[in-house]
Amino acid sequence: EPEVTQTPSHQVTQMGQEVILRCVPISNHLYFYWYRQILGQKVEFLVSFYNNEISEKSEIFDDQFSVERPDGSNFTLKIRSTKLEDSAMYFCASRQSQETQYFGPGTRLLVL
Amino acid sequence: GQQLNQSPQSMFIQEGEDVSMNCTSSSIFNTWLWYKQDPGEGPVLLIALYKAGELTSNGRLTAQFGITRKDSFLNISASIPSDVGIYFCAGSYNFNKFYFGSGTKLNVKP
């Protein structure tokens, strides 16, 4: 069964460093999402992406964040200058047309 | 802003018991989703609902999309130990942005 994959599974970085989190959505899906989940808390929407454009973004998704679909398979989330409070699990999700979204396994980001 | 309330926060039940949890939102949704999350993993979709009043089952799980479009519930019948985990509801108006509930942590005693 096709699934969303994410790399790396874990990333440790120093405050102020840039990180790029990578996702490979399910191959025939057209809509892509990034979410984050701070430890012990609920899943929070960051951004949705369709047709090479951001569809919607949350208040969390400020100028430090950017997304890109650099080729036909990858979907990336970049955090330019990480802060301590960026430590969280980051989930990618994708969906096809009106069907629901499927989540990847997540990347655990720790900012020191 | 959008408020999504999920209850209960946690439940401790005996194996074999039925479970019910629900979510209410401050505004209408056009879709409700229910996910289960195990520690350290991504949410796994259980049931998706697309129409007000819709009642959908997936094995021992049943979920309903409320008539007002502002609420949904999930029932689990005859719980088993592997039902342990955190259950999240999620709702969306336009499929561009999904709001998640705060989760219901389910504990099942064998």
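Counting from 1, residues in each chain are numbered in the order their sequence is written. By the order in which they are written, chains take letters starting at A while ligands take numbers starting at 1. A pLDDT threshold of at least 70 governs which residues receive local features in this predicted model, and a stricter bar of 80 or more applies before side-chain atom pairs are shown or counted, although totals over entire chains, interfaces and linings include all residues. The side-chain values count all of the structure's non-hydrogen atoms but skip hydrogen atoms and water molecules.

A.B. asks: Would you mind showing me how to read the pattern of salt bridges here?
C.D. replies: Between side chains of opposite charge, pairing is possible as soon as their charged atoms come close. Residue and element names in this part refer to chain B. A pair is scored as a salt bridge if a Lys or Arg side-chain nitrogen falls within 4 Å of a carboxyl oxygen belonging to Asp or Glu. Summed over all chains, the structure comprises four salt bridges over all chains. Taking the shortest distance from any N to any O, the salt bridge between R60 and D83 comes out at 2.8 Å. On the criterion of sequence distance, the pair formed by R60 in the loop between β6 (55-58) and β7 (61-65) and D83 in the loop between β8 (71-76) and β9 (85-92) is long-range, its members being 23 residues apart. Burial classes: relative accessible area under 20% of the type maximum marks a residue as buried, over 50% as exposed, and values in between as partly exposed (1.4 Å probe, protein chains only). A residue is classified by how much of its surface remains accessible, and D83, at 5% relative accessible area, is buried. Elements are defined by DSSP. Helices are runs of H or I of four residues or more, strands are runs of E of two residues or more, and each kind is numbered from the N terminus.

A.B. asks: Explain the side chain of K36 of chain B here, please?
C.D. replies: Residues and elements named next belong to chain B. Note that K36 resides in strand β4 (residues 31-37). Identification of polar contacts relies on pairs of N or O atoms within 3.5 Å, with a donor-acceptor requirement for protein atoms, meaning one able to donate a hydrogen and the other able to accept it, and with residues adjacent in sequence counted only if both atoms are side-chain atoms. Here the side chain of K36 touches D38 through a polar contact of 3.1 Å, side chain to side chain. At 3.2 Å, the side chain of K36 forms a polar contact with the backbone oxygen of V84. Contact between two residues is taken to exist if any of their heavy atoms lie within 4.5 Å; hydrogens are not considered. Ignoring any residue separated from it by four or fewer positions in sequence, one finds K36 in contact with G42, P43, V44, L46, S82, D83, V84, G85, I86 and Y87.

A.B. asks: Teacher, can you tell me more about the interface of chain B and chain A here?
C.D. replies: It is common to report an interface's size as the accessible area lost on association of the parts. Every contact between the two is made by 19 residues of chain B and, on the other side, 24 residues of chain A. For the pair chain B and chain A, the interface holds one salt bridge. Among the salt bridges present, the one from E59 of chain A reaches K97 of chain B, with a minimum N-O distance of 3.8 Å. Here chain B and chain A share six residue pairs in polar contact (both at pLDDT 80 or more) between them. Breaking the side of chain B that touches chain A down by element, the ones donating at least two residues are β4, β5 (44-49) and β10 (98-100) of chain B.

A.B. asks: Please clarify how a nonpolar patch on the surface should be interpreted in this entry.
C.D. replies: Distance thresholds for patches are 9 Å for like charges and 5 Å for nonpolar side chains (Val, Leu, Ile, Met, Phe, Trp, Tyr), applied to residues having over 30% relative accessible area and no salt bridge. Throughout, the Shrake-Rupley method with a 1.4 Å probe supplies accessible areas, and for residues the shown protein chains are the sole cover considered. Taken together, the side chains of V12, L110 and L112 of chain A present a nonpolar region at the surface, about 270 Å² in accessible area. Mapped onto the fold, V12 of chain A is located in strand β2 (residues 10-13).

A.B. asks: What is the right way to look at the sheet that holds strand β1 (residues 4-7) of chain B in this model?
C.D. replies: Sheet strands line up and pair through hydrogen bonds in the backbone, either parallel or antiparallel. All names here are of chain B. In spatial order, the strands read β1-β3-β8-β7-β6; together these five strands make up an open sheet with antiparallel pairing. Since the sheet does not close on itself, it has two edges, and those belong to β1 and β6, each with one partner. Pairs of neighbouring strands in the sheet enclose a mean axial angle of 15°, with direction left out of account. If DSSP finds at least two bridges between two strands, the strands pair. Here strand β3 (residues 19-25) runs beside β8; their pairing, made up of six bridges, is antiparallel. Bridged to V19 within β8 is I76. To get an axis, a line is fitted to the C-alpha atoms, and for a helix only the part in contact is used. The angle between two axes follows their N-to-C directions and goes from 0 to 180 degrees.

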